[in-house]
There are 6 protein chains.
Amino acid sequence: MNNDRFSPIHGMIRRALEEDLGPGDATTRATVAPDTLGEAILIAGEKLILAGMAVFKQTFLEIDPTLVFVARYRDRDVVPEGSTVCRIRGRLTAILSGERTALNFLQRMSGIATLTHRYVEKVKDSRAKILDTRKTAPGLRWCDKFAVRTGGGQNHRFGLFDGILIKDNHIAVAGSISKAVSLAREGSAHTLRVEVEVEDLAGVSEACKAGADIILLDNMKPPEMKEAVSLINGSALVEASGGITLDTVGDIASTGVDFISVGALTHSPEAADFSLEISHVES
Amino acid sequence: MNNDRFSPIHGMIRRALEEDLGPGDATTRATVAPDTLGEAILIAGEKLILAGMAVFKQTFLEIDPTLVFVARYRDRDVVPEGSTVCRIRGRLTAILSGERTALNFLQRMSGIATLTHRYVEKVKDSRAKILDTRKTAPGLRWCDKFAVRTGGGQNHRFGLFDGILIKDNHIAVAGSISKAVSLAREGSAHTLRVEVEVEDLAGVSEACKAGADIILLDNMKPPEMKEAVSLINGSALVEASGGITLDTVGDIASTGVDFISVGALTHSPEAADFSLEISHVES
Amino acid sequence: MNNDRFSPIHGMIRRALEEDLGPGDATTRATVAPDTLGEAILIAGEKLILAGMAVFKQTFLEIDPTLVFVARYRDRDVVPEGSTVCRIRGRLTAILSGERTALNFLQRMSGIATLTHRYVEKVKDSRAKILDTRKTAPGLRWCDKFAVRTGGGQNHRFGLFDGILIKDNHIAVAGSISKAVSLAREGSAHTLRVEVEVEDLAGVSEACKAGADIILLDNMKPPEMKEAVSLINGSALVEASGGITLDTVGDIASTGVDFISVGALTHSPEAADFSLEISHVES
Amino acid sequence: MNNDRFSPIHGMIRRALEEDLGPGDATTRATVAPDTLGEAILIAGEKLILAGMAVFKQTFLEIDPTLVFVARYRDRDVVPEGSTVCRIRGRLTAILSGERTALNFLQRMSGIATLTHRYVEKVKDSRAKILDTRKTAPGLRWCDKFAVRTGGGQNHRFGLFDGILIKDNHIAVAGSISKAVSLAREGSAHTLRVEVEVEDLAGVSEACKAGADIILLDNMKPPEMKEAVSLINGSALVEASGGITLDTVGDIASTGVDFISVGALTHSPEAADFSLEISHVES
Amino acid sequence: MNNDRFSPIHGMIRRALEEDLGPGDATTRATVAPDTLGEAILIAGEKLILAGMAVFKQTFLEIDPTLVFVARYRDRDVVPEGSTVCRIRGRLTAILSGERTALNFLQRMSGIATLTHRYVEKVKDSRAKILDTRKTAPGLRWCDKFAVRTGGGQNHRFGLFDGILIKDNHIAVAGSISKAVSLAREGSAHTLRVEVEVEDLAGVSEACKAGADIILLDNMKPPEMKEAVSLINGSALVEASGGITLDTVGDIASTGVDFISVGALTHSPEAADFSLEISHVES
Amino acid sequence: MNNDRFSPIHGMIRRALEEDLGPGDATTRATVAPDTLGEAILIAGEKLILAGMAVFKQTFLEIDPTLVFVARYRDRDVVPEGSTVCRIRGRLTAILSGERTALNFLQRMSGIATLTHRYVEKVKDSRAKILDTRKTAPGLRWCDKFAVRTGGGQNHRFGLFDGILIKDNHIAVAGSISKAVSLAREGSAHTLRVEVEVEDLAGVSEACKAGADIILLDNMKPPEMKEAVSLINGSALVEASGGITLDTVGDIASTGVDFISVGALTHSPEAADFSLEISHVES
């Protein structure tokens, strides 16, 4: 999220602006003269991990490329409550028309990063890494996954195309774990590892025998997970998943799994609290 | 959300599928023969208000228009925990490839509807109606606002173009509430009402004098709101906003305001719990 | 239409250029060396109200962002017949390839502004304002409505989403004016006024009783309109419409209506007369 | 304009509907129940040449593919004032939401066809054919040119890519008619004829010598045109252009030119008069 | 490539048709009446492996969804020279307008499949599998890779996102093979294997020690490859690449590598020879 | 292919990059720090005609507009084997991520130009010009035809819209050569010449009588072609086509035809050999 023009965020930003602006910002057009200059400040309403400043900034630049930004914090920073995060200077009509869309991005992304960070903190004394899932807001996966990385988490596969993950439904159709793993190994690119989801220790054994590269322990209790980790014994990577919360993540990490994937990071984040205030109007 | 082909959901669905499927579902292609037929069932993991069935269904139909859906519940229904919501029959590859994207829509939309419904229940003995805001997930406003209606709420303006809402920042630039209201009345379509945000009783008086059609009481305490309502005395519609929660919404409703707008409905909904399970594979 | 990049005109301009240029300008490529520099002048072939200079300019800039424009007139100016409106300097291939598309925009927009201005002049001694309608060239509504404002008119709602206008067909389905107005009030955003079209004095009375915010007198004769205005007596805004011409608009304005909407402004404007001439070729 | 899905009209229709419908038809949604069925009739308000029925129909079908159309007239028909042109049956919400956009297309296209027909009638006793130009509404060229053919005219090149037309500005840059014609012949596809615009008899001679395939007589008086035709004597096709009106077209045709191109056909057509009325509501 | 509507081919087909048809097929419109029905046959001009029939068929269906196809061969079939591959019945205008675009797809795809098949045949007695590369025609990767699979090859990663492949340039920047492999392992999704390109035996050793999952032997001679395979000894998968031809592929396969990637499959395929002939015109 | 922004290449480049980059370049992100600066050099692996440098450059600029290019060769140049064609300086992540896509364009385009040049050399002592056909890679026609011009060839019509070419299938439907030519002349724009494909001398005679502007001799032997040329005797342009190779093109040129169209130029070009190497990393 540097000055690389070629990421999917431009399309996301344009669509979000089109959705909000439609044929025009009726209130701003009526109340603010087009050439009024001034400054606005972005204020954090709570302590948070900042994520999404490039999207925030680009949203305004899509409206007016001449706006100037002076940032005091950057992505990954812990921002204290009440801090001024950045200043925006230029045409006030552009700032007012872009405000809500820019904040909608920033609040979601910083909310995800802040939540991720809390999970990461809980497992910092273990080997486990916190992963996201594909349970993202439709159309916003790139932003959601970027925010997870910003909060200290690691990304699982982006979509259905850059990882093999055999789930219960695939096993149901293929007939057995062994059969599914073997079909996956035969029928997919050699650049992808084969991961398989299992629900009990019998599944773990079968997955090991079938030669899975990664074993996903779904909805197991910590003691059973511990046994699974010992059964696998390094022959495959181990991932835990299934309704994991801030209360349970620590116990799960202590079972020795390599990865813990948490759907809530992206399916139910709370928006971080930000506001934008006009701090100066040039007369 | 009937059989009307012309809504923004088709674009949203295509983009969400492109994001998840990219060049193809590697796992399903490797493990499931293209013509395997079968059935999957959609199960509610908790009690919820159903919202988004048309989007859920259309997501799968974009992949395979021959899939057949048999629904037991419809949008607006209260679905008990553990219920089978619908059955999907047809090619299992299409069902497996569309599953996550379809669930991502349905879980967000039903989450919003369920949360809205809880707010609506809290104010049912007052005149107040629950409104949404523009604090939606970027690119998903249509779905978010549809879900609010489905949960019993009412929509505020869709974007910056179908309502005049003069906020603190516009007032700061215009110079005063009176000036801003007058500019808005002069410079906007006669089909739009003029709404203005005020923060205290002095603001309320000024807004009334300026002839605002709607007065938005921002972050006032209930006793002050009550006074404002009595001051306005029917000369304008009254809306309350600002950090309203399920705990405070009842008191606010009892002040006599006409509308209460709640950002949390769409900026921080919890995903409703659903799962999709293959219930039958044709051999 | 300042340096705001985020308006629908960019898409309109690109589509218009794609339509005209397709795989390339065969004549210019064959007859003009790519690096020939020079100047062209834009000449008004008749007295007109200038509208659309930003679109005119942007059309050329889409082809070659290095062209330089020196304008002698701006939008809203009355341009005398034969005047040089602006000069364009730079690569002549870009000027020649963009000429027709740029002129097509400018001629339509200035044609609409000039016509609007003539209507506005006719009613300048009354309270009535001239409004446009949704009878615009498909895909060009933003330009058409911009041109009406530039000519001194005021915009009616942009589309079906930013105003409530109950027409004869809605009343036919709803059953009565009263029923339709009441359904509209209940079922639409509180930010929108409710306007209803009526055809006679009985309709006017019913609309008043139903609490319509705006009453549209459709195809009434001036004496009947005058009676309607007096019947309404300030309880609603009053708009007149229906086959209004430059000959009749004055009489209608004198009935005391607040607004007069004129479809012909945008459905049948005459193109304003402009030409572009190469004034200098650098050798 | 048969059942061919692959023409540019689908994009035009979708954009026009998006422009008018945005996030939804507020009035219809509030006043008409989604499943109300009924019938509407399309009525011609004046005598006209019908053009654009496929676009008219497809506009509604984009909203609801289950609507049924029963047409009494087809494109190219002369429709008497007051006639019912077609009936539309199905969901009334779809009919009401599509009405304005469908009519905007049909009124423009039939207006162009009707005007073209009047020109064609004026020259029917000569060898001259009426041509259109590239002076079309931006983005609507396909429709505008289709309408000209429907009215009995013939299309000039569609854009800058399917015909060579050397105009005054190209000659100014190339240095002379001879040089421009020779460059065009060398540098363009052998599938295209070379046409050159000239303003006087000297130009005609030079163009003939240079081997132009078509000579465009721009803004000449009929006697001079007649001389030009005789000078050319069949060695090239002859086209006349320049401010031609219904009053002057007959005289020009009688000079013996092969083609007469008329910009007004598409830059200043008057919208044909149509209305759509709900004729039946199912109860 | 079954009846799945959601693959990238629809966009490819539409763009290819737009490119060829532009505003319309001038020859067909002029010479064939719109409703003429008939039949065309697709003939293979040489022995080939058929690939791309779904794209071929869909190209025509985009123009006219009522065309009927009767196929005698399917993808993967060896088609003898002179065979009739399929029959197409319906409106001849649609068949004529789609012919070239449909053939362009089919000839490229069958050319790739036929070439791939020749490579696959050469290595059928070894363990080696033939892989493609990312050296595809820009915008056509999905088709090119589909054709490779159809010809019996296996796909390498689709793009830069679904496989880690550390090449000489990455190593140059990272500083060493070990450093690059370690950075890749740390910084990428756990679902991806890490592949590294090496040029000599020293590189092979370093890659093994660094824990690479796949080692790509670039431009090595067969004897050196054999030594590399024995050095790696099953601790990583082995891929060979670099200017491999039909003459050299057999020797390379016999070195014991697991995969051989061949750029020529997709960067320089010869178009397969097909023609389409009208076999019947209904009178 | 100068600094003209308005050509179809931008869309082609973006789609090619999206196809290759998807959600991101996994290898580069993991192994190269975002701000590492350096230089890469483009090397020609064989003697070739350079074509496509603007597309090559623009591909990188889409990713990072701050990259700097220093070119030693330009389009149309003969580049000796082993030459450094250009240097690229800037962020190495952008160079690495764009490398493959940029090379894919350049290798195809230079391959086409080099092949075209070889055909052009073979006929340089005749009057014949080498033409391309519509047998291009779907979606890449603009690039393919640009490359043909760069190699010294001339373009045939771009698509079905900018030339009339009556082929065997059209004649089969129309009934006869005469009928088809006459329909084409009547029903198409006067700016287009009428070309007709014939297979024998009888066809040639009929085409001449029918007044065809161009006669295409399909699959004739040189002696028959010579006879055809003499039969036509300048009354029409003459084009030869049908399986022409580098071996046969010289003989065909010596028959006196005006044009020779060669499908192989664009349907089966061999990719030119280029490589990109990091030459410097700033530390």
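Note that the structure is a prediction, hence the values are computed from the model and not measured.

K.L.:
Summarise the interface of chain B and chain C; cite the residues concerned and give the values.
P.N.:
With 23 residues of chain B in contact, the opposing surface of chain C contributes 23 residues. Between chain B and chain C, a total of about 1600 Å² is buried, with carbon and sulfur atoms accounting for 51% of that surface. Taken as a group, His190, Thr191 and Arg193 of chain B account for 47% of the area that chain B buries against chain C, more than any other trio of residues on that side. Our enumeration of links across chain B and chain C arrives at two salt bridges. Linking Asp213 of chain B and Arg193 of chain C is a salt bridge whose minimum nitrogen-to-oxygen distance equals 3.6 Å. Between chain B and chain C we count eight residue pairs in polar contact (both at pLDDT 80 or more) in total.

K.L.:
If you had to explain helix α7 (residues 177–187) of chain F to someone new, which residues and values would you point to?
P.N.:
Because each turn of an α-helix spans 3.6 residues, side chains separated by three or four positions in sequence point in the same direction. Among the residues of α7 of chain F, Ile177, Ala180, Val181 and Ala184 of chain F are the ones counted as buried. The buried residues of α7 of chain F all sit within an arc of 95 degrees when viewed along its axis, so they share a single face. Looking at the packing, one finds that the buried side of α7 of chain F touches α2 (26–31) of chain E together with β7 (164–166), α6 (168–174), β8 (194–198) and α8 (201–210) of chain F.

K.L.:
Residue-level account of the pattern of salt bridges, with values.
P.N.:
It is possible for side chains of opposite charge to pair when their charged atoms get near one another. Residue and element names in this part refer to chain B. Tallied over the full model, the rule gives 75 salt bridges over all chains. With its nearest N and O atoms 2.9 Å apart, the salt bridge here joins Asp132 to Lys145. With Asp132 in the loop between β6 (129–131) and α5 (141–150) and Lys145 in helix α5, this pair connects stretches of sequence that are 13 residues apart. For Asp132, a relative accessible area of 0% translates into the label buried.

K.L.:
Quick one: what's the story with the sheet that holds strand β8 (residues 194–198) of chain B, residue by residue and with numbers?
P.N.:
Residues and elements named next belong to chain B. Read across the sheet, six strands follow the order β6-β11-β10-β9-β8-β7 without closing on themselves; strand pairing throughout is parallel. This sheet does not close on itself; its edge strands, each paired only once, are β6 and β7 (164–166). Averaged over neighbouring strand pairs, the angle between their axes works out to 25 degrees when direction is ignored. Across three bridges, β7 lies against β8 in parallel orientation. Following the sheet pairing, Leu165 is matched in β8 by Glu195. Contacts from helix α7 (residues 177–187) reach β7 and β8, with the element oriented near 160 degrees to β8.

K.L.:
If you had to explain a negative patch on the surface to someone new, which residues and values would you point to?
P.N.:
A cluster of like negative charges, contributed by Glu46, Glu81, Glu270 and Asp273 of chain A together with Glu46, Glu81, Glu270 and Asp273 of chain B, occupies part of the molecular surface. In this structure, Glu46 of chain B sits in the loop between β1 (37–44) and β2 (48–49).

K.L.:
Give a detailed account of the relation of the copies chain D and chain C, specifying residues and quantitative values.
P.N.:
When chain D is fitted onto chain C, the two copies agree to an RMSD of 0.0 Å after a turn of 180 degrees and an axial shift of 0.0 Å. The transformation relating the two chain copies, once decomposed into turn and shift, fits a two-fold axis. Most of the interface of chain D is mirrored in chain C: 100% of its interface residues are interface residues there too.

K.L.:
Lay out the relation of the copies chain B and chain C in plain terms, naming residues and giving numbers.
P.N.:
Between chain B and chain C, which share one sequence, the superposing operator has a rotation angle of 180 degrees and an axial displacement of 0.0 Å; the RMSD is 0.0 Å. Counting the interface residues of chain B, we find that 100% of their copies in chain C are interface residues as well, pointing to one common contact surface.

K.L.:
Please set out the packing of aromatic side chains residue by residue, giving values where relevant.
P.N.:
Inspection of every chain in the model, using the stated rule, returns 27 aromatic pairs over all chains. Between Phe56 of chain C and Phe60 of chain C, the ring centres sit 5.2 Å apart and the planes meet at 75 degrees, which makes this aromatic pair edge-to-face. Of this pair, Phe56 of chain C and Phe60 of chain C both sit in helix α3 (residues 53–63), four residues apart, which is roughly one turn of that helix. Comparing Phe56 of chain C with Phe60 of chain C, the two get one shared label, buried. For the ring pair Phe158 of chain D and Phe161 of chain D, a centre distance of 6.3 Å and an interplane angle of 40 degrees mean the geometry is tilted. Phe158 of chain D gets classed as buried once you look at its relative accessible area, which sits at 13%. Grouping aromatic residues by their ring pairs yields a cluster made of Phe158 and Phe161 of chain A together with Phe158 and Phe161 of chain E.

K.L.:
Would you mind going over the side chain of Thr266 of chain D in detail, with residue names and values included?
P.N.:
Structurally, Thr266 of chain D can be placed in helix α11 (residues 264–267). Contacts of Thr266 of chain D, omitting those with residues within four sequence positions, involve Arg108, Ile112, Thr133, Lys135, Thr136, Ala137, Asp144 and Val148 of chain D.

K.L.:
Residue-level account of the confidence of the model for chain A, with values.
P.N.:
Looking at chain A, the pLDDT average stands at 96 and 98% of residues meet or exceed 70. As a predicted assembly, this complex carries a pTM of 0.96 together with an ipTM value of 0.97.

K.L.:
An account of the interface of chain D and chain C is needed here, citing residue identities and associated values.
P.N.:
Contact residues are listed per partner, giving 61 residues for chain D and 61 residues for chain C. Here chain D meets chain C over a buried area of about 4900 Å², counting both sides, of which 60% is carbon and sulfur. The largest contributions to the chain D side of the interface with chain C come from Glu19, Pro138 and Leu160 of chain D, which together make up 15% of the buried area. At the surface where chain D touches chain C, the tally comes to four salt bridges. With a closest N to O distance of 2.7 Å, Arg134 of chain C and Asp20 of chain D form a salt bridge. Applying the counting criterion to the chain D and chain C interface returns 30 residue pairs in polar contact (both at pLDDT 80 or more). The set of elements that each furnish at least two residues to the side of chain D that touches chain C consists of α1 (9–21), α2 (26–31), α4 (92–122), β7 (164–166), α6 (168–174), α7 (177–187) and β12 (274–281) of chain D.

K.L.:
Summarise the domain arrangement of chain A; cite the residues concerned and give the values.
P.N.:
All names here are of chain A. Considered domain by domain, chain A is made up of domain 1 (9–119 + 270–281) and domain 2 (125–267). Of note, the centres of domain 1 and domain 2, computed from C-alpha atoms alone, are 36 Å apart. On the side of domain 2, 23 residues touch domain 1, which itself brings 18 residues to the contact. Interface area, domain 1 with domain 2, both sides summed: about 1700 Å², of which 72% is carbon and sulfur. Asp144 is paired through a salt bridge with Arg108; the nearest N and O atoms lie 2.9 Å apart. Our enumeration of links across domain 1 and domain 2 arrives at four residue pairs in polar contact (both at pLDDT 80 or more).

K.L.:
How would you sum up the packing of α1 of chain D against α4 of chain D? Please name residues and give values.
P.N.:
Residues and elements named next belong to chain D. α4 packs onto α1 with a crossing angle of 130 degrees between their chain directions and a minimal axis gap of 10 Å. It follows from the interaxial angle that α1 and α4 lie oblique. Two packed elements cross with a definite hand, and for α1 against α4 that hand is right-handed. On α4, the residues that touch Met12, Ile13, Ala16, Leu17, Asp20 and Leu21 of α1 are Ser97, Arg100, Thr101 and Phe105. By residue class, the composition of the contact of α1 with α4 is six nonpolar, two polar and two charged.

K.L.:
Tell me what's going on with unusual backbone geometry, and back it up with residues and numbers.
P.N.:
Residues and elements named next belong to chain D. With a phi angle near 60 degrees, Asn219 is a residue other than glycine that sits in the positive phi range. Relative to the helices and strands, Asn219 is located in the loop between β9 (214–218) and α9 (222–232). The backbone of Asn233 sits at a positive phi, close to 55 degrees, despite the residue not being glycine. In this fold, Asn233 is placed in the loop between α9 and β10 (237–241).

K.L.:
Quick one: what's the story with empty space enclosed by the protein, residue by residue and with numbers?
P.N.:
In this approach the atoms are scanned with a rolling probe the size of a water molecule, which exposes any empty space left behind. For the structure on display, the rule yields 11 cavities of 30 Å³ or more. Looking at the largest cavity, its volume works out to about 260 Å³. Lining the largest cavity are 26 residues, and of these Arg108 and Pro269 of chain A together with Arg108, Ala137 and Pro269 of chain B sit closest to its centre. Broken down by secondary-structure element, the contributors of at least two residues to the lining of the largest cavity are α4 (92–122) and α11 (264–267) of chain A together with α4 (92–122) and α11 (264–267) of chain B. Tallying contributions element by element places α4 of chain B first for the lining of the largest cavity, with five residues. Classifying every residue of the lining of the largest cavity by side-chain character gives eight nonpolar, 12 polar and six charged.

K.L.:
So what's going on with the sheet that holds strand β10 (residues 237–241) of chain F? Which residues, and what values?
P.N.:
Residue and element names in this part refer to chain F. Strand order in this open sheet of six strands is β6-β11-β10-β9-β8-β7, and the pairing throughout is parallel. Strand pairing shows two members of the sheet lacking a second neighbour, β6 (129–131) and β7, which therefore form its edges. Adjacent strand axes in the sheet meet at a mean angle of 25 degrees, parallel and antiparallel pairs treated alike. Here strand β9 (residues 214–218) runs beside β10; their pairing, made up of five bridges, is parallel. Residue Ile215 lies in a different strand from β10, and its bridge partner there is Val238. Sitting on the sheet, α7 is in contact with β7 and β8, with an inclination near 160 degrees to β8.

Scoring rules and cut-offs
- Residues numbered from 1 in each chain as written.
- Chains lettered and ligands numbered in written order.
- Predicted model: local features only at pLDDT ≥ 70, side-chain atom pairs only at ≥ 80, totals over all residues.
- Heavy atoms only, no water.
- Contact = heavy atoms within 4.5 Å.
- Buried area = accessible area lost by both parts, 1.4 Å probe.
- Salt bridge = Lys/Arg side-chain N within 4 Å of Asp/Glu carboxyl O.
- Polar contact = N/O pair within 3.5 Å; in protein donor to acceptor, adjacent residues only side chain to side chain.
- Buried < 20%, exposed > 50% of the residue type's maximum accessible area, 1.4 Å probe, protein only.
- Helix = DSSP H or I, 4+ residues; strand = E, 2+ residues; numbered from the N terminus.
- Arc of directions from axis to C-beta.
- Pairing = 2+ DSSP bridges.
- Axes fitted to C-alpha atoms, helices over the stretch in contact; angles between N-to-C directions.
- Patch = residues over 30% accessible without salt bridge, like charges linked within 9 Å, V, L, I, M, F, W, Y side chains within 5 Å.
- Areas by Shrake-Rupley, 256 points an atom, 1.4 Å probe, with all protein chains shown as cover.
- Lys, Arg positive; Asp, Glu negative; His and termini not counted.
- Charge placed at Lys NZ, Arg CZ, Asp CG, Glu CD.
- Least-squares fit on C-alpha atoms with pLDDT ≥ 70 in both.
- Phe/Tyr/Trp six-rings, centres within 6.5 Å; stacked < 30°, edge-to-face > 60°.
- pLDDT = per-residue confidence, 0-100.
- Domains from an automatic or database assignment.
- Parallel < 35°, antiparallel > 145°, perpendicular 65-115°, else oblique.
- Left-handed = near helix turned anticlockwise from the far one by under 90°.
- Nonpolar A, V, L, I, M, F, W, Y, C, P; charged D, E, K, R; others polar.
- 1 Å grid on protein atoms, 1.4 Å probe; cavity = no way out; pocket = protein on both sides within 12 Å on 5 of 7 lines; lining within 4 Å.
- Points joined across faces, edges and corners; volume = space filled by probe spheres on them.

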